[in-house]
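A look at the structure
Each chain, letter by letter, is given below.
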Amino acid sequence: MRSNTSRASGSAWLTVLICMVAYIFSFIDRQIMTLLVDPIKADLNINDTQFGLLHGLAFALFYATMGLPIASLADRKSRPLIIAAGIAFWSFATAACGFAKSFLHLFIARIGVGAGEAALSPATYSLISDLFPPHQLGRAIAVYSLGSFLGAGLAFLVGGSVVAFVDQAQTTVLLGHTFSGWQLTFFIVGIPGILLAACVLALVKEPWDGDRVQSQEISPTMLDVFKFLILERSIFARHFIGFTLAAMSLYALLSWSAAFFMRCYDLTPGESGFRLGLIVTAFSGAGVLSCGWLMDQLQRRNIAAPPFVTGVIGAFGTAVPVAALITEPSLDVATALMAMAFFFSTYAMPPSTAVMQVIAPKNMRSRVSSIFLAVNALLGMGLSSALVGFGNDRLFEGQYATGKSLAMVVALSALAAIPILWSAVRPYADRVASKTS
């Protein structure tokens, strides 16, 4: 076991950085679709609700369900191999999106993207928890989580440029088939992931130790994992519900902020992508790092339940600026409000992960993480994007319909998370105290 006074090695930080790069690639492949909303809708003849299902639910279905068996493997088998296989699979699936000719075809391809990405986070969280002592865990998780926002930022920045470039040709003929610009975009962003998978296999090593070897011999079943969650329900029920509601805000912002700027302020995909790329890279990146730093500072000062306190701060900080977007006519002011919302929406990520790594036994961590990610994906990701699309189609009209739908979903989910997360402070603090006494 690693002592509380030890420090992580350089190879541990290298592993985090490589996994962060993988997270960057995953979010580029996941997010590029948001800049392609209008050409996809036009070519496939679908509405906003259907697009929300493609971006959210289709991805979330296997992202959630495949995470459980993959996490079970991650508790017993080579985690670098699992990560590399997932990267290769989602990269092929992203490229396959470019062959879609109907809503159903694209839905199935997006399911494949989610299935591949399901391998990354449970295995990575388990690796990080073995490589870092408790007082460095917040920063390590924050650095890994930073990859999601760098990836989303690059998806907007580079994706906007790629979309503008391929749209100039309108259509392209490859191997006797005609492809639209949005289809070529999926090819361009998907294929490089194959090289990354090879790099993971070459550079990331499994930190086998006595505890992990022993845990394989007495590996608990999934029934044991669910019994553990029920036993610790005073923490995990609030953890699952509260952080999923907080994540709904983040997923809604990632799904529809590009359309918000394009529709409400008449920006092109390139202009919207550039603006959002800067916001997500700078403010979301700063947000997730500040969140990890804040958790570590609260831990050092013996503040009760740092992850849940940090989550409450993030939920409140997300709801306030988004609520002001509903009637904001100025593009510059709307950009500033969006930047604030993205900054605080990241506070749903490192704290939720830290709770699972601190409370769950080592030989259950991957599977507890996967169960949480399943709930988080199906409800947070799958529902939020579709709800904004439904609001656009059925509840609001006019130029600012997307802004109103986005503000409604983000603000309400963030505000609902606050009392639930706060109610977990005392149970979590008592449980941690009992483990260390």
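About the thresholds
Residues numbered from 1 in each chain as written. Predicted model: local features only at pLDDT ≥ 70, side-chain atom pairs only at ≥ 80, totals over all residues. Heavy atoms only, no water. Helix = DSSP H or I, 4+ residues; strand = E, 2+ residues; numbered from the N terminus. Buried < 20%, exposed > 50% of the residue type's maximum accessible area, 1.4 Å probe, protein only. Contact = heavy atoms within 4.5 Å. Areas by Shrake-Rupley, 256 points an atom, 1.4 Å probe, with all protein chains shown as cover. Lys, Arg positive; Asp, Glu negative; His and termini not counted. Charge placed at Lys NZ, Arg CZ, Asp CG, Glu CD. Phe/Tyr/Trp six-rings, centres within 6.5 Å; stacked < 30°, edge-to-face > 60°. Lys NZ or Arg CZ within 6 Å of the ring centre and 35° of its normal. Core = buried A, V, L, I, M, F, W, Y, C linked by side-chain atoms within 4.5 Å. Patch = residues over 30% accessible without salt bridge, like charges linked within 9 Å, V, L, I, M, F, W, Y side chains within 5 Å. Salt bridge = Lys/Arg side-chain N within 4 Å of Asp/Glu carboxyl O. Polar contact = N/O pair within 3.5 Å; in protein donor to acceptor, adjacent residues only side chain to side chain. Axes fitted to C-alpha atoms, helices over the stretch in contact; angles between N-to-C directions. Parallel < 35°, antiparallel > 145°, perpendicular 65-115°, else oblique. Left-handed = near helix turned anticlockwise from the far one by under 90°.

**Things to note about the overall build of the protein**
Each helix and strand counted, the protein has 20 helices and 2 strands in total. When the backbone C-alpha atoms are referred to their principal axes, the protein occupies close to 65 × 50 × 35 Å. Here the protein, with 437 residues, has 60% of them falling under the buried criterion. Contacts in the protein between residues far apart in sequence, at least 24 positions, make up 84% of those at least 6 positions apart. Element-wise, carbon and sulfur atoms account for 69% of the exposed surface of the protein, whose accessible area totals about 16,600 Å². When the 27 basic and 22 acidic side-chain charges of the protein are each reduced to a single mean position, those positions are 9 Å apart.

**Some points on the side chain of Thr 15**
If you trace the backbone, Thr 15 turns up in helix H1 (residues 10-31). A relative accessible area of 8% places Thr 15 in the buried class.

**What about the packing of aromatic side chains?**
Under the defined criterion, the tally for this structure stands at 20 aromatic pairs. Aromatic side chains Phe 99 and Phe 187 sit 5.1 Å apart centroid to centroid with 55° between the ring planes, which places their arrangement in the tilted category. Highlighted residues: Phe 99 in the loop between helix H5 (79-97) and helix H6 (103-117) and Phe 187 in helix H9 (residues 181-190), separated in sequence by 88 residues. An aromatic cluster of three or more residues is present, and its members are Phe 228, Phe 236, Phe 240 and Phe 372. Above the ring of Phe 27, the side-chain terminus of Arg 30 is found at 4.0 Å from the ring centroid. Directly above the ring of Tyr 63 sits Arg 30, whose terminal nitrogen or CZ lies 5.3 Å from the centroid.

**So, H9**
Most of H9 sits inside the fold, with 9 of its 10 residues counted as buried. For H9, the complete set of buried residues consists of Gly 181, Trp 182, Gln 183, Leu 184, Thr 185, Phe 186, Phe 187, Val 189 and Gly 190.

**Topic: the environment of Phe 89**
Along the chain, Phe 89 falls in helix H5. Residue Phe 89 is classed as partly exposed on the basis of its relative accessible area of 47%. Considering only alpha carbons, one finds Phe 89 and Ser 272, 183 residues apart in sequence, at a separation of 30 Å. Residues in contact with Phe 89, not counting those within four places in the same chain, are Gly 112, Ala 115 and Gly 116.

**Description of the nonpolar core**
One finds Ile 40, Phe 236, Phe 260, Phe 308, Met 338, Val 368 and Leu 406 to be the most contacted residues of the largest nonpolar core, which totals 139 residues. Take this core: its biggest share by element is 21 residues, from helix H13 (residues 233-265). The residues contacting Leu 406, other than those within four sequence positions of it, are Ala 252, Leu 253, Trp 256, Ser 257, Phe 260, Val 322, Met 338 and Val 388.

**Observations regarding a nonpolar patch on the surface**
There is a patch of nonpolar side chains on the surface, built from Leu 378, Leu 379, Leu 383 and Leu 387 and spanning about 310 Å² of accessible area. Here Leu 378 lies in helix H18 (residues 365-395).

**Here we look at the side chain of Ser 26**
Within the fold, Ser 26 resides in helix H1. Taking the relative accessible area as the measure of exposure, Ser 26 reaches 1% and is therefore buried.

**Here's the deal with the environment of Ser 91**
As for its placement among the helices and strands, Ser 91 is situated in helix H5. When residues no more than four places from it in sequence are discounted, the contact partners of Ser 91 are Asp 29, Gly 190, Gly 193 and Ile 194. A polar side-chain atom of Ser 91 sits 2.8 Å from the main-chain carbonyl oxygen of Ile 87.

**Re the packing of H5 against H9**
Geometry of a packed helix pair, given as the angle between the helix axes and the separation of the axes. Where H5 meets H9, the closest approach of the two axes is 7 Å, and the angle between their N-to-C directions is 165°. Overall, the two elements H5 and H9 adopt an arrangement that is roughly antiparallel. Handedness of the H5/H9 crossing: left-handed. Judged by residue contacts, Ser 91, Thr 94, Ala 95 and Cys 97 of H5 engage Trp 182, Phe 186, Phe 187, Val 189 and Gly 190 from H9.

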